[in-house]
Amino acid sequence: MTAEEPLTIDARKRAAALAALELIQDGMQLGLGTGSTVEHLLGAIAERGLDVAGVPTSEATEAYCRELDLRVLHPSEVESLDLAIDGADELDHALTATKGGGGALLREKVVAAMSERFVVIATTDKLVDRLGHSFPLPIEVVPFAAGPVTRRLRERGYDVQLRTAGEGPAVVTDNGNPLLDARMVGGIEDPAVEELWIAALPGVVECGLFVDLVDHALLADEDGRVLSLEPGVS
Ligand code: 5RP
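Scoring rules and cut-offs
- Residues numbered from 1 in each chain as written.
- Predicted model: local features only at pLDDT ≥ 70, side-chain atom pairs only at ≥ 80, totals over all residues.
- Heavy atoms only, no water.
- Phe/Tyr/Trp six-rings, centres within 6.5 Å; stacked < 30°, edge-to-face > 60°.
- Helix = DSSP H or I, 4+ residues; strand = E, 2+ residues; numbered from the N terminus.
- Lys NZ or Arg CZ within 6 Å of the ring centre and 35° of its normal.
- Pairing = 2+ DSSP bridges.
- Axes fitted to C-alpha atoms, helices over the stretch in contact; angles between N-to-C directions.
- Contact = heavy atoms within 4.5 Å.
- Parallel < 35°, antiparallel > 145°, perpendicular 65-115°, else oblique.
- Left-handed = near helix turned anticlockwise from the far one by under 90°.
- Nonpolar A, V, L, I, M, F, W, Y, C, P; charged D, E, K, R; others polar.
- Near = heavy atom within 4 Å.
- Polar contact = N/O pair within 3.5 Å; in protein donor to acceptor, adjacent residues only side chain to side chain.
- Areas by Shrake-Rupley, 256 points an atom, 1.4 Å probe, with all protein chains shown as cover.

Student: Got a minute to help me understand the packing of aromatic side chains in this structure?
Tutor: The geometry of an aromatic ring pair is captured by the separation of the ring centres together with the interplanar angle, meaning the angle of the planes. Tallied over the full model, the rule gives one aromatic pair. Geometrically, the ring pair formed by Phe 118 and Phe 210 is tilted, given 6.1 Å between the ring centres and 35° between the ring planes. In this pair, Phe 118 sits in strand β7 (residues 118-123) while Phe 210 sits in strand β12 (residues 209-210), placing the two residues 92 residues apart along the sequence. Lying over the aromatic face of Phe 210, Lys 99 brings its terminal NZ or CZ to 5.8 Å of the ring centre.

Shown next as structure tokens:
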């Protein structure tokens, strides 16, 4: 008997997305995240013909929704959302997430905060003991403040890089701002403290720490099994 090949990362992302599909009901107003895991979800929503509408968290997600004929809403059109579903770059055991690998952290946080329930879909390899060590924490800043914010973060112990497209120019978000990727050797000790400290730096628009926002995580392992995690429930 030969051991089964582990699933590819993409197949695992699809498994997590399909698990989240089961949480969606006709008539819901959704928050629609950004990234490759969410793309699987959007495809599955369209394939199943669910009657839903959603606020996209990036121009890329909005363009894909339009391609799939999914109804798009603007945040000012809705009081709250029933459910937001998004990927993550890292997740700790308290279900604090880091997001923004795709540069959409600001709109993603706005949408997560206006949703009754926020569900993260990802693979189990994104679970870490401490955030910000193996994957840097994205921080969106106004262009004018990129230098001073970088200096303050370095003084605090972060290794900081301005995000660029390869050797090319700085990456700019959908809001027209650059991104700093900040890595803390050994990881971030207290994400709640760090989120407040970073937010208080003049010129910071948003940081990718999602503290006390995730209600549920669906994480696919290499056999395609999906772990369902909720904060405080082990
Ligand atoms: C975009 C994000 C994404 O959710 C995150 O980068 C995960 O992406 P993927 O699903 O492609 O692994 O935060 O800003």
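Student: Sorry if this is basic, but what is going on with the sheet that holds strand β8 (residues 137-141) here?
Tutor: Pairing between the strands of a sheet comes from backbone hydrogen bonds, and it takes one of two forms, parallel or antiparallel. The strand order across the open sheet formed by four strands is β9-β10-β8-β11, and the pairing between neighbours is antiparallel. Here the strands that pair on one side only, and so sit at the sheet edges, are β9 (158-162) and β11 (204-207). Sheet twist, expressed as the average angle between the axes of neighbouring strands with direction ignored, equals 25°. Pairing analysis gives five bridges linking β9 to strand β10 (residues 179-184), with the strands arranged antiparallel. If you follow Val 160 over to β10, its bridge partner there is Ala 182. The sheet strands contacting helix α4 (residues 105-113) are β8, β10 and β11, and the helix crosses β11 at an angle near 65°. The strands that helix α5 (residues 146-155) touches are β8, β9, β10 and β11; relative to β9, the one it contacts most, it runs at about 160°.

Student: Honestly, the packing of helix α2 (residues 36-48) against helix α3 (residues 59-68) in this entry has me stumped. Any pointers?
Tutor: For any two helices packed against each other, the geometry comes down to the angle between their axes and how far apart the axes lie. At a closest axis distance of 10 Å, the pairing of α2 and α3 adopts a crossing angle of 20°. The angle between α2 and α3 falls in the class roughly parallel. As for the relative orientation of α2 and α3, their crossing is right-handed in sense. Of α3, the residues touching α2 (which contributes Glu 39, Leu 42, Gly 43 and Ala 46) are Thr 61, Tyr 64, Cys 65 and Leu 68. For the contact of α2 with α3, the residue count by class is five nonpolar, two polar and one charged.

Student: It is not clear to me how the site of the ligand should be interpreted in this structure. Could you clarify?
Tutor: Around the ligand lies a shell of 17 residues, among which Ser 36, Thr 37, Asp 89, Gly 100 and Lys 126 are the nearest. Taking Thr 37, its side chain carries an N or O atom lying 2.6 Å from an oxygen atom of the ligand. Between the ligand and Gly 102, the relevant distance is 3.2 Å, taken from an oxygen atom to a main-chain nitrogen or oxygen of the residue. For the ligand, whose free accessible area comes to 370 Å², the fraction covered by protein is 91%. Along the lines of polarity and charge, the residues of the shell around the ligand split into two nonpolar, nine polar and six charged.

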